[in-house]
Structure formats: structure tokens, C-alpha cells
Amino acid sequence: MKFPSLSSLYHSFVDVLKRFPAPLFFALLGTICGMLLVDNVFDVGAQNDLFRLVYTGIIGLALSLAVKLYQERNPEKKAFPWLAYGLMLLILAAVFFGFDPFFKSAEILAILIIAFAAHLLVALAAFHKERETVGFWQINKSFFLRFATSGLYSAVLFIGLSVALFSVDELFKVEVDDAVYGRVWVFIVGIFNTVFFLAGIPGPEATLNNQEDYPKGLKVFTQFVLIPLASIYLLILLAYELKILLDFELPNSSVALLILGYAVFGILSLLLVHPLRDQPGNAWIKWYSKSFYLLMLPLIALLILSIYKRIGDYGVTESRYVLIALCIWLCFITAFFLIKGQEQIRVIPMSLMVICILAVTGPWSITSVSKRSQQERLKNLLTQQKSDTRDHEIRSLVHYLYDSHGLLSLKAFVKADLNKINDEMIASADTVPYRAYRLKWQARDTVLTMLNVPKYSADISGLADTYRGFGNKEPKVLDL
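Note that the coordinates shown come from a computational prediction; the quantities given were computed from them, not determined experimentally. (Residues numbered from 1 in each chain as written. Predicted model: local features only at pLDDT ≥ 70, side-chain atom pairs only at ≥ 80, totals over all residues. Heavy atoms only, no water.)

Draft legend 1. Geometry of the overall build of the protein. In terms of helices and strands, the protein carries 16 helices and zero strands. If you line up the protein on its principal axes, its C-alpha atoms span 75 × 65 × 50 Å. Out of the 480 residues in the protein, the part that is buried amounts to 43%. Sequence-distant contacts in the protein: of pairs separated by 6 or more residues, those separated by 24 or more amount to 74%. For the protein, the exposed surface amounts to about 27000 Å²; the carbon and sulfur share of it is 67%. Distance between charge centres in the protein, computed from 44 positive and 39 negative side chains, equals 6 Å. (Helix = DSSP H or I, 4+ residues; strand = E, 2+ residues; numbered from the N terminus. Buried < 20%, exposed > 50% of the residue type's maximum accessible area, 1.4 Å probe, protein only. Contact = heavy atoms within 4.5 Å. Areas by Shrake-Rupley, 256 points an atom, 1.4 Å probe, with all protein chains shown as cover. Lys, Arg positive; Asp, Glu negative; His and termini not counted. Charge placed at Lys NZ, Arg CZ, Asp CG, Glu CD.)

Encoded structure:
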């Protein structure tokens, strides 16, 4: 095997830089901010801004890559890049200024959904037309293999450098700060992994829509890893479905994860072997495909019952909203492929991207629905007679609403001006180290006091004031 020279590596990097300047810019932005976050030397406001820049860089990387891939395949559309990059900057500005993950933890999940939708757009950008199914599969095969390879190389490189740093520390007594390992990992993931992945994307001159090559390793991986895993999940689920029918009881809510696991492994395996379905000796692929979607029908019914039970007990939260959205998507995908057949595989990422966009926009968004659901639960509990159980539920809901949706999500339940309290809390959050966290706890406990609910449950209230914390002002450990 011939190892690449430094010259070839340099020229490969220059080629990636020339071809993908915008994605590399966003990768660099996210990497620099991530490395600064590792140091943890900034106040809460600065950390929040750095975190915003990190996820803005990640989303910008995916969106700009999608724009570039579409532009390469459609060079005749001269005005497209300007319009697309302008729209992309508006989206990134909305993401940066529209979310506040420090004061509203539920928005972290919304940001992850947006990032996932942006990556799905990359899968669709180059080949999105009905007659381009072969090209769509070929380029996404390249993405899949390159992603797996870059992940492996990044992990090996980080382990190797970590061992080298540890050896320098131990052998030469050169103190290596723990933050160095974090910075190395962020750099490898943000820069090395990104450049390596981008270098493997086929160029616009590649005639992917006419290629018929298929890696044998993918078939082996699908046939002997993914499909057996999906089959194991299926057997467990069918046995459990028989059990609940015999016992005549609602399913356990945790069964939803197993159903989603079966769906993910099954759909992924069908995508990976899609080009082989019409080749001689591969009739099992069509049989497996048809049976997979038929067997999804009882599992979707089981999933709906599981979600119904969980929501009936505790209302809608972000995690349950995701289950509902995925259940709707699985219903659509199952119906589509049972009726239309297996040709249009691009419908899978396309429909999933639409679900993601709907999940973060409008009054039906993940944050809006979950907040309204839990506010309604809190409203009902406040009308009930006071008891330890009621107070415990109210305490949990106040904690959830405050942590997930911010202080203002509770203003309908108290007479105090929470807008003013919230503004003062944000304004003074950075004046003292860790003051922001202390202010959050104090504001949350203030709301509980206004609702005439104890801050602690009855079994620990007597111990609540017996603990004290003492922070060390010195930068290093003191010898006591």
C-alpha cells in the first residue's frame, strides 16, 4: 500500500478549500468556539454566545454544503447561489437569535432537529429528481462510507494523540492540562473529520446517475448485521404484542424505543441493498422489503398505544412529541411503500425533513405543544385539594416548565411581574461566577413560594438546610 505524501495531502486540502470554502468557514467557526468552550473561563453570557456559535456553525456547514452540491449539479442557474446563501444567512440569524438554550433547555432539542433537517437536505441536494434515483443512492452511499471512515480515522487519531500527550506528561513530567485533550478532540472532529469527509465527496464531473458499482462489504454488513438485528427486535416485539393481547393490558411506554430501533435498522438495511433488488439471486431483498412494511403495521399500532398511555398519564413533553412525530412519519412511509413500491427511496429523507421542519415551526412546534400541555396539567393541579402528592406533581411541573421553557412560561400562574424578574435575572447573571445558576434556582423557588408549595418534598424538607457548599478561590487544590 502506498502512503500519501505530505505534498499530496497538502494539495488535497487546497482542493477541498477551493471547492468548499463556505462549509470550511462554518467548520472553523464552530471549532474555534468549541475549543474556547472547553477552557470554561468565560462568564455565562459569553459561554451561551459561544454555544450558539457552535451550533450555528454546525447548521451553517450542512446548509452551505447542500447549496454547493446543488449548485454544482445545476450550473445553469446563475442566480441560485446568491438567493440560497441569502436565505441561509437569514435562517442562521433566526437560529442564533431565536433560541436561548441556557434559559430554555427544550430549545436544545429543537436545535438538534434543525441540524438534522439540514443534514437531510445535504442528502437530497445533488440528486432530487425522480429520474435520478441511481445518482441519489450512489452519492449517499459515498456519504455513508466516507462518514464511517472519517469517524474511524478521527477516533484512532484522537486516541493516538491522547496516548502521546499522556506519555509526555508521565515520562518527562511536563504537565498537560486536561483541557488540552478536549481541545484536541474538538479540533479533530471539527477540522480533520470535516476536511477528510469533504475530500471524499464525488465531484460534479462524476456520472453517478449512470454508475452500477456496488461495494460487496455493504451487502455483507446489511445481510449479516443490520437484518439480523432488526429480526431480533421484531421477534421480541411480536412476542411482547402477543403477551399484552393475552393479558389484555396497555403496552409499556419503553416499547416505543424497541419499535423505533426495528424501524431504523430495517429501513437502513433496505436503503443499503436497494440497487441489488432486481439482480439475479437477490429475490430475498424484495421479499424482505415487502414483509418489513407489512410487519410494521401491528408494530405501529403498538407504538400508538404506547404513546397514548404515556401522554394520558403525563401529557406531552419534548421526548413524547418526538415519538408522535416519528410515529406519524412511520405511518406515512409504511403506507407509501406498501402502495407505491420501493422505487422512490428519496421519499424517506424528504418526508423526514418535512417532519423536522414542521416540528420546529408554528404553533404546532415541539416547544409550543409541550409547553401548552404541561401548563394545562399545572393549571388542573392548582385547582385540586392540597396534598403531598399534589405538591410533588406541581413541584415537578414548575421545575420542568422553568428549566425547559424559561421563567415566563409560569407567568400565567402567579401575580408577580415575572417579566421584570426575568429581565433583572438575565442582566445580572454574569456579575458573579455561578450567579446565573443561583439566580435560576432562586427564581424557580420564588414561583413555588407564590404557589404556596414547599420547595422540597416532605421527606427531605428537614434536611434541606443542613448542607453547605464552600468554593475554593485558589486555582489549584490546597494541601489541608
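Draft legend 2. Representation of helix α4 (residues 80-98). Compared with an ideal rise of 1.5 Å per residue, which puts 19 residues at 27 Å, α4 spans 26 Å between its outermost C-alpha atoms and is within 8% of the ideal. Within α4, burial applies to P81, A84, M88, L92, V95 and F96. All buried residues of α4 project into a common sector of 105° when viewed along the axis, lining one side. Among the exposed residues of α4, those oriented more than 90 degrees off its buried face are W82, L83, L90 and F97. Where α4 is buried, its residues touch α2 (21-39), α3 (44-73) and α5 (106-125). (Expected span 1.5 Å × (residues − 1). Arc of directions from axis to C-beta.)

Draft legend 3. Summary view of the packing of α2 against α3. Where α2 contacts α3, the two axes come as close as 8 Å, and the packing angle between them is 160°. Between α2 and α3, the interaxial angle falls into the category roughly antiparallel. The interaxial crossing formed by α2 with α3 has left-handed handedness. Residues A22, P23, F26, L29, G30, C33, G34, L36 and L37 of α2 form the contact with α3, whose own contacting residues are Q47, L50, F51, L53, V54, T56, G57, G60, L61, S64 and L65. In the contact of α2 with α3, the residues fall into 13 nonpolar, seven polar and no charged. (Axes fitted to C-alpha atoms, helices over the stretch in contact; angles between N-to-C directions. Parallel < 35°, antiparallel > 145°, perpendicular 65-115°, else oblique. Left-handed = near helix turned anticlockwise from the far one by under 90°. Nonpolar A, V, L, I, M, F, W, Y, C, P; charged D, E, K, R; others polar.)

Draft legend 4. Representation of unusual backbone geometry in the model. The phi angle at N452 is positive, at roughly 60°, despite the residue not being glycine. Within the secondary structure, N452 sits in the segment after α16 (435-450). Owing to a relative accessible area of 55%, N452 belongs among the exposed residues under this scheme.

Draft legend 5. Local environment of the pattern of salt bridges. Enumeration according to the criterion identifies six salt bridges in this entry. Where K386 meets D391, a salt bridge forms, and the shortest distance between an N and an O atom there is 2.9 Å. The exposure class of K386 is partly exposed, given its relative accessible area of 45%. Sharing partners across several salt bridges, the network here consists of K386, R390 and D391. (Salt bridge = Lys/Arg side-chain N within 4 Å of Asp/Glu carboxyl O.)

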